[in-house]
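If you want the building blocks of each chain, they are given just below.
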Amino acid sequence: MPLFHSESAKNATRKAVDGWIDEVQKGIDARQKELEKFKKLAPLTPSKWDDEMIPKLEAIIVDLKKKKQYYVDLKAKYAKDGLI
């Protein structure tokens, strides 16, 4: 039997999960802008730093996308369970 939650509790949970998703999306967008900038500047400024930074940024973006997918799945689970 699913738990009973009031409408205000459901709304608060929905807002919290949506907030998590929005924050992770902001991080993804910021890192992608940064990555585009580095890829544009890398040929103009040959250095070892660019070669190290670009793969690290790509890895961070992959991790953030996994985190976002986790929160999207969590939101779907909460909706299924009647928590939002």
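(A) Broad picture of the pattern of salt bridges. In the structure shown here, the tally under the stated rule is six salt bridges. A salt bridge links Lys-77 to Asp-81, with the nearest nitrogen and oxygen atoms 3.2 Å apart. Of this pair, Lys-77 and Asp-81 both sit in helix α2 (residues 48-81), separated by four residues, roughly a single helical turn.

(B) Inspection of the environment of Asp-50 at higher detail. Position of Asp-50 among the secondary structure elements: in helix α2. You can call Asp-50 buried: its relative accessible area is 7%. Residues Asp-50 and Lys-39, 11 residues apart in the sequence, show an inter-C-alpha distance of 8.2 Å. Setting aside chain neighbours within four positions, we find Asp-50 in contact with Phe-38, Ala-42, Thr-45 and Pro-55.

(C) Up close: α2. Counted at 1.5 Å a residue, the expected span for α2 with its 34 residues is 50 Å, and the 50 Å between its end C-alpha atoms agrees. For α2, the set of buried residues is Asp-50, Ile-54, Leu-57, Ile-61, Leu-64, Tyr-71 and Leu-74. Immediately downstream of α2, the backbone of Gly-82 shows phi near 80°, a positive value.

(D) Broad picture of the environment of Asp-63. Inspection of the secondary structure puts Asp-63 in helix α2. A C-alpha to C-alpha distance of 9.3 Å links Asp-63 and Ile-28, two positions 35 residues apart in sequence.

About the cut-offs
Residues numbered from 1 in each chain as written. Predicted model: local features only at pLDDT ≥ 70, side-chain atom pairs only at ≥ 80, totals over all residues. Heavy atoms only, no water. Salt bridge = Lys/Arg side-chain N within 4 Å of Asp/Glu carboxyl O. Helix = DSSP H or I, 4+ residues; strand = E, 2+ residues; numbered from the N terminus. Buried < 20%, exposed > 50% of the residue type's maximum accessible area, 1.4 Å probe, protein only. Contact = heavy atoms within 4.5 Å. Expected span 1.5 Å × (residues − 1).

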